[in-house]
Amino acid sequence: VQLQASGGGLVQAGGSLRLSCAVSGRTFSNGNMGWFRQTPGKEREFVAGIRRNGGHTYYADSVKGRFTISRDNAKNMVYLQMDRLKPEDTAVYYCAAKPGGILSALRTRDGYDYWGQGTLVTVSS
């Protein structure tokens, strides 16, 4: 499985960005797909996750109500719509996937085997 993230950039606080993740290689019908983010000197943290089948979504408390994760299985795409961005959302964002991943691991890095290259989001105040 290969993941290619795109859509990062510079935006003012209060603005919006939409990240995209193109999934290629092995196709899978169940498991976890998610977005994580990382800033220098900090651990990579969970942002949002979605189940490949069923489409149930899960969010970190820090982004709940502002970010929306979605997927298009037919196009093998996963998206992260980010609204009302804050300077503290500045980070490199990574998309991730695990075919057959279990729900209990969706919020953890262990819940994913494949990672994209990351896309930088910078929110200015």
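Residues numbered from 1 in each chain as written. Predicted model: local features only at pLDDT ≥ 70, side-chain atom pairs only at ≥ 80, totals over all residues. Heavy atoms only, no water.

Peer 1: Would you explain the state of the cysteines in this entry?
Peer 2: Between two cysteines, a covalent bond joining their sulfur atoms is known as a disulfide. For the structure shown, the criterion picks out one disulfide. Between the sulfur atoms of Cys 21 and its disulfide partner Cys 95 the distance amounts to 2.2 Å. Between Cys 21 and Cys 95, the S-S torsion sits near 60°, and that sign places the bridge as right-handed. With a gap of 74 residues between them, Cys 21 in strand 3 (residues 17-24) and Cys 95 in strand 9 (residues 91-99) connect regions that are remote in the sequence. Residues Cys 21 and Cys 95 agree in their burial class; the two are buried. (Disulfide = S-S within 2.5 Å. Helix = DSSP H or I, 4+ residues; strand = E, 2+ residues; numbered from the N terminus. Buried < 20%, exposed > 50% of the residue type's maximum accessible area, 1.4 Å probe, protein only.)

Peer 1: Got a minute to help me understand the nonpolar core in this structure?
Peer 2: Nonpolar side chains in soluble globular proteins generally cluster together in the buried interior. Counting 34 residues, the largest nonpolar core has Trp 35, Val 47, Phe 67, Ile 69, Leu 80, Met 82 and Tyr 93 as the members making the most contacts within it. Among the elements of the structure, strand 1 (2-6), strand 3, strand 4 (31-38), strand 5 (45-51), strand 7 (67-72), strand 8 (77-82), strand 9 and strand 11 (119-124) are those that each provide at least two residues to this core. With five residues, the top contributor of residues to this core is strand 9. Residues contacting Leu 80, with those up to four places away along its chain left out, are Leu 17, Arg 18, Leu 19, Trp 35, Val 47, Ala 48, Phe 67, Thr 68, Ile 69 and Tyr 93. (Core = buried A, V, L, I, M, F, W, Y, C linked by side-chain atoms within 4.5 Å. Contact = heavy atoms within 4.5 Å.)

Peer 1: Whenever I open this one, the pairing of strand 8 confuses me. Can you help?
Peer 2: Look at any regular strand and the pattern is simple: side chains alternate between the two faces of the sheet. A large share of strand 8 lies buried, amounting to five of its six residues. As paired elements, strand 3 and strand 8 share six bridges and run antiparallel to each other. Bridge pairing in strand 8 links Ala 22 to Met 77. Pairing of strand 7 with strand 8 involves six bridges; the strand directions are antiparallel. For Ser 70, the partnering residue across the bridge sits in strand 8 and is Tyr 79. Linking two consecutive strands that pair antiparallel, namely strand 7 and strand 8, is a turn of four residues; a positive phi of about 55° is found at Asn 76 within it. (Pairing = 2+ DSSP bridges.)

Peer 1: When you look at the side chain of Arg 51 in this model, what are you seeing that I'm missing?
Peer 2: Residue position: Arg 51 is located in strand 5. Notably, Arg 51 is buried but unbridged: the nearest opposite-charge side chain belongs to Asp 113, and the N-O separation is 12 Å. The contacts of Arg 51, once residues within four sequence positions are left out, are Gly 31, Asn 32, His 56, Tyr 58, Arg 71, Gly 101, Ile 102, Leu 103 and Leu 106. (Lys, Arg positive; Asp, Glu negative; His and termini not counted. Salt bridge = Lys/Arg side-chain N within 4 Å of Asp/Glu carboxyl O.)

Peer 1: How should the sheet that holds strand 7 be read in this particular structure?
Peer 2: Think of a sheet as strands paired side by side through backbone hydrogen bonds, with each pair either parallel or antiparallel. Taken in spatial order, the four strands of this open sheet run 1-3-8-7, and their pairing is antiparallel. Here the strands that pair on one side only, and so sit at the sheet edges, are strand 1 and strand 7. Sheet twist, expressed as the average angle between the axes of neighbouring strands with direction ignored, equals 15°. (Axes fitted to C-alpha atoms, helices over the stretch in contact; angles between N-to-C directions.)

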